[in-house]
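Chain residues, written in single-letter form:
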Amino acid sequence: MKTDVNASSASEIAVAVKAAADPNDPIAAISRGETLPSEVHKSLADEEAVLDVKDFRLWYGAAQALYDINMSVPRGKVTALIGPSGCGKSTLLRSVNRLNDLIDIVKIDGDMVLNGDSVYGPGVDVIELRKRMGMVFQKSNPFPMSIYENVVYSLRIDGENRKSVLDEICEKSLRGAALWNEVKDRLDDLALGLSGGQQQRLCIARAIAAEPEVLLMDEPCSALDPIATGKIEDLIESLRGEYTILIVTHNMQQASRVSDYTAFMYLGRLIEYGATGELFTRPHLKATEDYITGRFG
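Just so it is clear, the model here is predicted, and its values are computed rather than measured. (Residues numbered from 1 in each chain as written. Predicted model: local features only at pLDDT ≥ 70, side-chain atom pairs only at ≥ 80, totals over all residues. Heavy atoms only, no water.)

(A) The arrangement of the sheet that holds strand β2 (residues 49-60) in detail. Sheet architecture is open: 4 strands sit in the order β3-β2-β5-β6, paired in antiparallel fashion. The two strands at the open ends of the sheet, each matched to only one other strand, are β3 (63-74) and β6 (117-118). Across the sheet, helix α3 (residues 89-96) is in contact with β2, β3 and β5 (106-114); its angle to β2 comes to roughly 120°. (Pairing = 2+ DSSP bridges. Helix = DSSP H or I, 4+ residues; strand = E, 2+ residues; numbered from the N terminus. Contact = heavy atoms within 4.5 Å. Axes fitted to C-alpha atoms, helices over the stretch in contact; angles between N-to-C directions.)

(B) Quick look at the packing of aromatic side chains. Tallied over the full model, the rule gives 3 aromatic pairs. When the ring of F56 is compared with that of Y120, the centres are 5.4 Å apart and the planes differ by 45°; the resulting orientation is tilted. Of this pair, F56 sits in strand β2 while Y120 is found in the loop between β6 and α4 (126-131), placing the two residues 64 residues apart along the sequence. Its relative accessible area of 15% is what places Y120 among the buried residues. Positioned over the ring face of W59 is K107, at 4.7 Å from the centre of the ring. The ring of Y67 has R269 lying over it, and the distance from NZ or CZ to the ring centre is 3.7 Å. (Phe/Tyr/Trp six-rings, centres within 6.5 Å; stacked < 30°, edge-to-face > 60°. Buried < 20%, exposed > 50% of the residue type's maximum accessible area, 1.4 Å probe, protein only. Lys NZ or Arg CZ within 6 Å of the ring centre and 35° of its normal.)

(C) Quick peek at the packing of helix α9 (residues 196-209) against helix α10 (residues 226-239). Relative orientation of the contacting elements α9 and α10 amounts to 20°, with a least axis distance of 9 Å. The orientation of α9 relative to α10 falls into the category roughly parallel. In the crossing of α9 with α10, the sense of the turn from one axis to the other is right-handed. Contacts between α9 and α10 involve G197, Q200, R201, I204 and I208 from the former and A228, K231, I232, L235 and L239 from the latter. A breakdown of the residues in the contact of α9 with α10 according to their chemical character gives 6 nonpolar, 2 polar and 2 charged. (Parallel < 35°, antiparallel > 145°, perpendicular 65-115°, else oblique. Left-handed = near helix turned anticlockwise from the far one by under 90°. Nonpolar A, V, L, I, M, F, W, Y, C, P; charged D, E, K, R; others polar.)

(D) How the structure looks around the pairing of β2. Both β2 and β3 contribute to a ladder of 8 bridges, which runs antiparallel. Its bridge partner lying in β3, Y60 is registered against A63. The hairpin formed by β2 and β3 contains 2 residues between the paired strands, and G61 there has a positive phi angle of roughly 65°. Pairing analysis gives 8 bridges linking β2 to β5, with the strands arranged antiparallel.

(E) Structural detail: α3. The buried fraction of α3 is high, at 6 of 8 residues. Regarding α3, the residues found buried are K89, T91, L92, L93, S95 and V96. Where α3 ends, the next residue or the one after it, R98, has phi of about 60°, a positive value.

This is the structure in structure tokens:
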């Protein structure tokens, strides 16, 4: 038995040494302090982009968190960001609506373009920019007000007070979030009284009420049980086509189920980006295959 273990260890060391010596291996290149261009599949060239990320870099103080990210997010599709913890997925997502601006030590370089408009250009009104996007966080965050007022909140702050309009948007959004039948008779109840899964769907209803150009989801199922997770995944499926969704997930099975495109990130770099079916079954890079099959990460 001891001989088998030693043989196995020697084999693993040999594989690691070979990988480190491979000039085309992005993981080895990163470990050497180098960077290789991202592997972007040709299928993305046929898609119309809602969001273009261009040479985007980000630092927390002296520590660089994102390196030269270039990617396009296709209109009407679900794009998943996957990768190990600390690889920059949530940092990239929160850069889209400039939530990272709230951190004093953050510095960025490069740009993002939302439907032709610069996200980081001089003179950008960040409040107006954020109105063009919906955001759903890991933990549901309904406001301490009624279910109805949660959904129509974005319309209220824009000055819309016509009850007929608010009623229509509330019902449409709750139906879109697959929640209408569960709450239609208690719209005046406090939203905090809903279950965790219902609260998360309420947050999605609140996000889509403003008809966002892109819907950002940061691990929306991480705090939910399997049944509630299934409902959120069904909801994402129903929103595909009507909304552009960019979702961060640690769950690769979830990414394979809900997304049209998947981007694999590692240590702040975009390693490979392509159609989900191809990325999960025929990845172009060995590093992507190794991560997806659980050999590292």
